[in-house]
Amino acid sequence: MYVAPRPREEDDPNFAIRLSLIPVAGLAIGIVLQSPMAMIYPTLMYSLMAGQRKALNVGRALGGPLAFIVMLWLMSWVVSLTINLPLVMVAVMTLIFFAGFYMIGKTGNPAGMLVIVSALMMSILGTGSYMAMTVLRDEMSKAALASAVITPLLYLLIPPGTREKAVDVYAPFHEDQLALRAAIRAGVLLLFSLWLYAVIDTTNLMLAVSAVFVLTFPTSETIFAEARERSLSTVMGGIAALAVLAVLTFIAQLPVLLVLAFLATLFFSQKMITGRHPAMVYQYAASVMIS
């Protein structure tokens, strides 16, 4: 599956500064809008912007958020139709999971993750509380729209060092037994989803999303490597978050929170360029810290 390469300082010397401003802007937007899920804004906006490399790819900056919004509304509609027929909903979700994994395997394009993640989040929240599902859908849609506006604006105010646009190279999985591979991944995700549907509450939603990211990789070696990287990222981001919260126990002021969020994100964003671990480790760590 396609993973964005490490950003290069010669291409974009202001990469870390620009990327560190997006969660600050997101948090401010969430607060101004008096969102019941204000932290959705900085977390989602950071994730949508962090994949940009070199000059601004307008198609990615606008198309990604809009595609995510469409999938959220489509999947919430599917859940609303099947929520009173649990077996039907499970069967439909299984088919959607299979289609998403098959799409990723066939093309190498991570767009299939939008399908899977949207279906998973909406179905998990829908089984717990239909109102919670609609609130999350609406707030994520607003955050995605904010990202589509703020990302080009930040690139305009803080331009990169090159006008060359990054070319995404998608490498499909091995063609042999592609449907079987997708079916196995869909089955594993279904079992995990049933645990989330029936046993634990919806506050553990991110467990499901993390599982999707791991399962999209093609081989057992890359799956375990991704799991290790995400575990390391969670520890790093958690430590940074605890440090920020420790300071806020003494100075509980919004400007202080915004400055600390900027500095912590700046650290991880710069490490995406210079760190000894893969760039995605630091990107995930920043997402953990922000959320």
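This text goes with the structure placed above it.
Computed from a prediction, not measured in an experiment: that's the story for all the values here. (Residues numbered from 1 in each chain as written. Predicted model: local features only at pLDDT ≥ 70, side-chain atom pairs only at ≥ 80, totals over all residues. Heavy atoms only, no water.)

(A) Representation of the packing of aromatic side chains in the model. Under the defined criterion, the tally for this structure stands at 3 aromatic pairs. Taking the centre distance of 5.5 Å and the plane angle of 40° together, the rings of F192 and W195 count as tilted. Linking F192 with W195, this pair stays in helix α7 (residues 178–198), spanning 3 residues, or about one helical turn. Residues F267 and F268 carry aromatic rings whose centres are separated by 5.3 Å and whose planes lie at 70° to one another, so their mutual orientation is edge-to-face. On the basis of relative accessible area, F268 is assigned to the buried category, the value being 3%. Over the ring of Y155 we find R18, and its NZ or CZ is 4.0 Å from the ring centre. (Phe/Tyr/Trp six-rings, centres within 6.5 Å; stacked < 30°, edge-to-face > 60°. Helix = DSSP H or I, 4+ residues; strand = E, 2+ residues; numbered from the N terminus. Buried < 20%, exposed > 50% of the residue type's maximum accessible area, 1.4 Å probe, protein only. Lys NZ or Arg CZ within 6 Å of the ring centre and 35° of its normal.)

(B) View of the packing of helix α3 (residues 58–82) against helix α4 (residues 86–107). Where α3 meets α4, the axes come as close as 8 Å, and the angle between the chain directions of the two elements is 150°. In this view, α3 runs roughly antiparallel relative to α4, as classed from their interaxial angle. Note on element contacts: α4 touches α3 through P86, V88, M89, V92, M93 and I96, opposite M75, V78, V79 and T82. The residue inventory of the contact of α3 with α4, partitioned by class, reads 9 nonpolar, 1 polar and no charged. (Axes fitted to C-alpha atoms, helices over the stretch in contact; angles between N-to-C directions. Parallel < 35°, antiparallel > 145°, perpendicular 65-115°, else oblique. Contact = heavy atoms within 4.5 Å. Nonpolar A, V, L, I, M, F, W, Y, C, P; charged D, E, K, R; others polar.)

(C) Fine view of α4. The end-to-end C-alpha distance of α4, which contains 22 residues, comes to 32 Å, matching closely the 32 Å that a straight helix rising 1.5 Å per residue would cover. Every buried residue of α4 is accounted for by M89, V90, M93, I96, F97, G100, F101, I104 and G105. Summarising the axial view, the buried residues of α4 lie within an arc of 165°, below the 170-degree limit, and thus occupy one face. Across from the buried face of α4, at angles greater than 90 degrees, the exposed residues are L87 and L95. In the segment just after α4, G108 is the residue with positive phi, at about 80°. (Expected span 1.5 Å × (residues − 1). Arc of directions from axis to C-beta.)

(D) Quick look at the pattern of salt bridges. Throughout the structure, instances matching the rule amount to 5 salt bridges. Measuring nitrogen to oxygen at the nearest pair gives 2.9 Å for the salt bridge that ties D11 to R8. Look at D11 and you get buried, because its relative accessible area is 9%. Notably, a salt bridge pairs R137 with D138, separated by 3.1 Å at the nearest N-O pair. When salt bridges with common partners are traced through the structure, they connect R8, E10 and D11 into a single cluster. (Salt bridge = Lys/Arg side-chain N within 4 Å of Asp/Glu carboxyl O.)

(E) Expanded view of the layout of surface pockets. Quantified by volume, the second largest pocket comes out at close to 220 Å³. Forming the boundary of the second largest pocket are 14 residues, of which M39, V244, L257, M289 and I290 lie nearest the centre. Among the elements that make up the lining of the second largest pocket, the one with the highest residue count is helix α9 (residues 220–250) (4 residues). The class makeup of the residues in the lining of the second largest pocket is 13 nonpolar, 1 polar and no charged. (1 Å grid on protein atoms, 1.4 Å probe; cavity = no way out; pocket = protein on both sides within 12 Å on 5 of 7 lines; lining within 4 Å. Points joined across faces, edges and corners; volume = space filled by probe spheres on them.)

(F) Highlighting the side chain of T82. When you line up the elements, T82 lands in helix α3. Classification of T82 as buried rests on a relative accessible area of 9%. Excluding residues within four positions of it along the chain, T82 makes contact with V88 and M89.

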